[in-house]
Amino acid sequence: MGRYIVRRLFYMMVVILVVSIITFGLMHAIPGGPFSREKALPEETIKILNERYHLDEPLWKQYVSYAYAVLIPHITTIPPSTSLQDDFLVNAQIGSVWFRWMNFGPSFKSRSRTVNDIFRDNLPISAQLGTMALIIAIAIGLPLGVLAALKQNTLWDYFGMGISILGVSVPVIVLGPIFVWVFGVALKWFPPTGWGAKPPYLFGFLPSKLGWDFFKYAIMPSVALGLGSSAVIARLTRASLLQTIREDYIRTARAKGLQERVIIMRHALKNSMIPVVTILGPLFAALVTGTFVTELMFGIPGMGKYFVTSITNRDYPVIMGTILLYAVFLVVANLIVDITYAFLDPRIRYD
Amino acid sequence: MPDLLLDVKGLETQFKTPDGIVHAVNGVSFGLKEGETLGVVGESGCGKSVTMLSVLGLIPSPPGKVVAGEAFYFGQDLLKMSKEEIRHVRGAQIAMVFQDPMTSLNPVLTVGLQLVEPLMLHLGMTRKQADARAVELLEMVGIPKAKDRLGDYPHQFSGGMRQRVMISMSLSCTPQIFIADEPTTALDVTIQAQIIDLVRRLRDELGMTIIWITHDLGVVANLAQRVMVMYGGYIIEEAPVKELYFNPSHPYTLGLLGSLPRLDEKGRHRLTSIDGVPPVLYEKPIHCPFSPRCKFAVEHCWKENPPLDDVTQGHRVACWVDTKTGRER
Ligand SMILES: Nc1ncnc2c1ncn2[C@@H]1O[C@H](COP(=O)(O)OP(=O)(O)OP(=O)(O)O)[C@@H](O)[C@H]1O
Ligand SMILES: [Mg+2]
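Participant: I tried to follow the overall build of chain A on my own but got confused; where do I start?
Facilitator: For chain A, the helix and strand inventory stands at 13 helices and three strands. In terms of overall dimensions, chain A has a C-alpha envelope of 80 × 55 × 45 Å along the principal axes. Residue burial in chain A is summarised as follows: out of 351 residues, 44% are buried. Taking as baseline every contact in chain A between residues at least 6 positions apart, the subset at least 24 positions apart corresponds to 69%. Accessible surface for chain A amounts to roughly 18,200 Å². Of this, 70% is attributable to carbon and sulfur atoms. In chain A, which carries 31 positive and 20 negative side-chain charges, the distance between the mean positions of the two groups comes to 10 Å.

And the structure:
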C-alpha cells in the first residue's frame, strides 16, 4: 500500500506538470494580455509593465522562472518583506534561517494582492463551502437512495426519485435566489448573504469556530450547491443497492435466517457503496471548484470569482495558481477514492 | 403413510416478466421422510430451484410469487408463516446450499464472520464461542489450518474450498433438512467427488435429511434413496432410486437416462440430450408439457395433461402411455 501511494504521488506530479504546461501555453495563446483595457493604455506604459513582470521574455523562460518560484524552496536569512513579489505560501523559521516555499506571484488585476493572498483568504471559504455541500449531498442522497431501493416501486420510491430529479434539474442559479428570498428575506431564518468564518483558519482552511455563527451562513448555500449532487448520489445508491440485493450472497444471507436489517446493513450496503464512492472523488472536486455561481448568489467571498474572472482579465499568475490548485485537488481526491476502495473491497490490493 | 418431515402440496410459483407470467412451478406435491435423501433431477429451467426456494420463502419478490400450495413442516405451513417466523426456520431447521460457490459468499466480509452469523443468531452463542465452533466446522469439512483462515475473505479460497465453507455454514446449526441445489455443478470432477463424499460422511454422522438437486444421475444413484424427476414445473415421475433406474416409466425419464445405467458399474451419467428444449410456460398447458418432444405421444397427450398417478407402490408417473407397450394405459 505504501509503495502504491508513493507511485501514485509520482504520477500525480507528472499530471500536474502536464497540466501546468498546457495551462501556461493556452493562457498565453488567448489574444490580449493582462494590461489590455477597453480604453487602451499608452503603449509606453504597457511596455514598462510587461518589462516589469517579465512578460517580454520568451515563453519558455517565463515558464521556467514561474516553475522555479513555485517549486524551489528559498532558504535565506533575510526575513519576509511585504513586497508583493516576495510572498511565499510556506514560511518556516529555523533559528535565523528562513525556509520559504511556493511563490505564486502577484495578481496583475487586484494590484495589492498576491495569488497566495487569495489562497489564504478566499480558498478556505470555497473549500468550506464545497465540503459542507458534499456533506449535505451525502446526508440527503444516501438515505434517500437506500429508502427508495428498499421500498422499490412504492410511493416512497417515486417520492424520493421525484425529489432527486428535481434536485438535478433545478440549477443553483434558480434555487439560490429562491432560498435567499424565502429563508433569508421572508422567513429570516438565515442571513441572506455572507459567510461566517474568518481568518485565521485551522490548518489553513478549517473555520476556527464551528458554531451557529458559521452554520447560519453556511447552510443555505451548501444546500443549494449540494442538492444536485445529492440527487446524483441518491440515484446511484438506489441503483447500486437494487443490484446488490439481487446477488447470490444476499440470498445466502436470507437462507441463514438473518434479519432484514442485518442483511441490508451488513451484507448489502458495503458492497453497494463501491460505485458510490467512485463518484464521490470527482463529485467533491466538482463541488469545490464549482462554487462560483453559488458564491455569487449568496455574496460569499470565496475563490470562484478569482477563478472565473482571472481568465477574462488575463491575470496569468491567478489563472496558473487556481488551475494548479484545482488540479492538485482533483488528483488527491481521486487518490483518496482509490485508497477507500481498498477498505471497502478486500479483493483490491495495491502493490 | 409414515410421518413426513416435510409435506409439500400443490405448490405453484409464478414470475411476472415483461413477456408475460412464467409458470415456473405448477402444482408440485412431494413428501420427505426423516433421514432419507431425495434426489431431484431434470433439465435446466424445469423448476427444481424455484420449488425449493419457494418452500423456504426465498423467491425474489417481485417478480416471483408463490400463488398456491402448502408446505407442512412439523405441522406448520411454511408458506403461511410470517417473515419473522420463517426466519427462525431458515438456517436453523432447514438449510440450503446453492449452485455457485463463487458468488454465494459475500466478497467483502470475512469467512469467519459469515460462519459465525447463524451460530450467534440461532444458537445464541457469543462471538468467542462461535469463533471456536466455526473452526471446528471448517475442520469438519476438511479445510486445513482452519483457525488461521477465519480472517480470510472468500476470494482467498478456491471454488471447492468455498463450497466446503458454504456447506459447513449451512450445517452449523445442525438443521433437520439440508437442501443442496446442484452444489457441485460449478466444480471440477475430482472436487465434485470430494464434496459428495463429504456430504455422505456428514449425513451418516449427523443423520440429516437431504434434498439433493442435480444434473448428474450418477450422483443421485450413489446418494439418494428416492428420486423425483421434474419437467416444465411438474413432477413427472417419482420412485425409489433403483426402481427408477431399472424401470423408468416416463418418456422423459427414459430420455434422461439415455440407456439404462448400470448401477453395478458405478456408471456416471450426465443427462443425455433430448431433441428440443424444455418450455418456458407462459400459460399452463392443457396438454402434457412434454408432448411436443415426446416420441410416444398419442392423441390423448395433446388433449389432457396427465396427473401423477401410482403405477406401483411408491412409484408415481404422469403419463398416459405405457412406455413398455407404447399403448395408452
Ligand atoms: N427471477 C426470475 N424471473 C423470471 N423467471 C424466473 C426467475 N427465476 C426462475 N425463473 C423461471 O423459472 C423456471 C424454473 O427455473 P429454476 O431456476 O427453478 O430451474 P432449475 O430447474 O433450477 O434449472 P437449473 O438446473 O438451471 O438450475 C425457469 O423457466 C426460469 O425462467
Ligand atoms: Mg437451479
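Participant: Can you walk me through helix H1 (residues 2-29) of chain A in this structure?
Facilitator: Helical geometry note: an α-helix holds 3.6 residues per turn, so side chains three or four residues apart project in the same direction. Residue and element names in this part refer to chain A. Across its 28 residues, H1 extends 41 Å between first and last C-alpha, which sits within 8% of the 40 Å expected from 1.5 Å per residue. What H1 keeps buried is the set Tyr4, Arg8, Met12, Ile16, Ser20, Thr23, Phe24, Met27 and His28. Where H1 is buried, its residues touch helix H3 (59-71) and helix H13 (316-344).

Participant: Whenever I open this one, a positive patch on the surface confuses me. Can you help?
Facilitator: Together, Arg37, Arg52, Lys109 and Arg111 of chain A line one region of the surface with positive charge. When its relative accessible area of 48% is taken as the criterion, Arg111 of chain A is described as partly exposed.

Participant: Is there a simple way to think about the packing of aromatic side chains in this case?
Facilitator: The description of an aromatic ring pair rests on the distance of the ring centres and on the angle between the ring planes. Counted by the stated rule, this structure contains 19 aromatic pairs over all chains. Among the aromatic residues, those joined into a cluster by ring pairs are Phe35, Tyr53, Phe108 and Tyr316 of chain A. Over the ring of Phe98 of chain B we find Arg251 of chain A; its NZ or CZ atom is 4.0 Å from the centre of that ring. When the ring centre of Phe157 of chain B is taken as reference, the NZ or CZ atom of Arg149 of chain B above it lies at 4.0 Å.

Participant: Where do I start with the sheet that holds strand S8 (residues 209-214) of chain B in this structure?
Facilitator: What holds strands together in a sheet is hydrogen bonding between their backbones, with the strands either parallel or antiparallel. Residues and elements named next belong to chain B. Reading across the sheet, the eight strands line up as S6-S7-S8-S3-S9-S10-S12-S11 and stay open at both edges, with mixed pairing between neighbours. Pairing within the sheet leaves two strands with one partner each, and these edge strands are strand S6 (94-97) and strand S11 (309-312). Taking each pair of neighbouring strands and ignoring which way they run, the sheet shows an average axis angle of 20°. Where strand S3 (residues 37-41) and S8 come together, five bridges link them in parallel fashion. Bridging from a neighbouring strand, Gly39 pairs with Trp212 of S8. Contacting S6 and strand S7 (177-181), helix H7 (residues 159-171) runs over the sheet at an angle of about 170° to S6.

Participant: Teacher, can you tell me more about the packing of H1 of chain A against H3 of chain A here?
Facilitator: If you want to describe how two helices pack, look at the angle between their axes and the distance between the axes. Residue and element names in this part refer to chain A. With their axes 11 Å apart at the nearest point, H1 and H3 run at an angle of 135° to one another. One way to sum up the angle between H1 and H3 is to call them oblique. Viewed along their axes, H1 and H3 form a crossing whose handedness is right-handed. Side by side, H1 and H3 meet where Leu17, Ser20, Ile21, Phe24 and His28 of the first sit next to Leu59, Gln62, Tyr63 and Tyr66 of the second. Counted by class, the contact of H1 with H3 contains six nonpolar, three polar and no charged residues.

The rules behind each value
- Residues numbered from 1 in each chain as written.
- Chains lettered and ligands numbered in written order.
- Predicted model: local features only at pLDDT ≥ 70, side-chain atom pairs only at ≥ 80, totals over all residues.
- Heavy atoms only, no water.
- Helix = DSSP H or I, 4+ residues; strand = E, 2+ residues; numbered from the N terminus.
- Buried < 20%, exposed > 50% of the residue type's maximum accessible area, 1.4 Å probe, protein only.
- Contact = heavy atoms within 4.5 Å.
- Areas by Shrake-Rupley, 256 points an atom, 1.4 Å probe, with all protein chains shown as cover.
- Lys, Arg positive; Asp, Glu negative; His and termini not counted.
- Charge placed at Lys NZ, Arg CZ, Asp CG, Glu CD.
- Expected span 1.5 Å × (residues − 1).
- Patch = residues over 30% accessible without salt bridge, like charges linked within 9 Å, V, L, I, M, F, W, Y side chains within 5 Å.
- Salt bridge = Lys/Arg side-chain N within 4 Å of Asp/Glu carboxyl O.
- Phe/Tyr/Trp six-rings, centres within 6.5 Å; stacked < 30°, edge-to-face > 60°.
- Lys NZ or Arg CZ within 6 Å of the ring centre and 35° of its normal.
- Pairing = 2+ DSSP bridges.
- Axes fitted to C-alpha atoms, helices over the stretch in contact; angles between N-to-C directions.
- Parallel < 35°, antiparallel > 145°, perpendicular 65-115°, else oblique.
- Left-handed = near helix turned anticlockwise from the far one by under 90°.
- Nonpolar A, V, L, I, M, F, W, Y, C, P; charged D, E, K, R; others polar.

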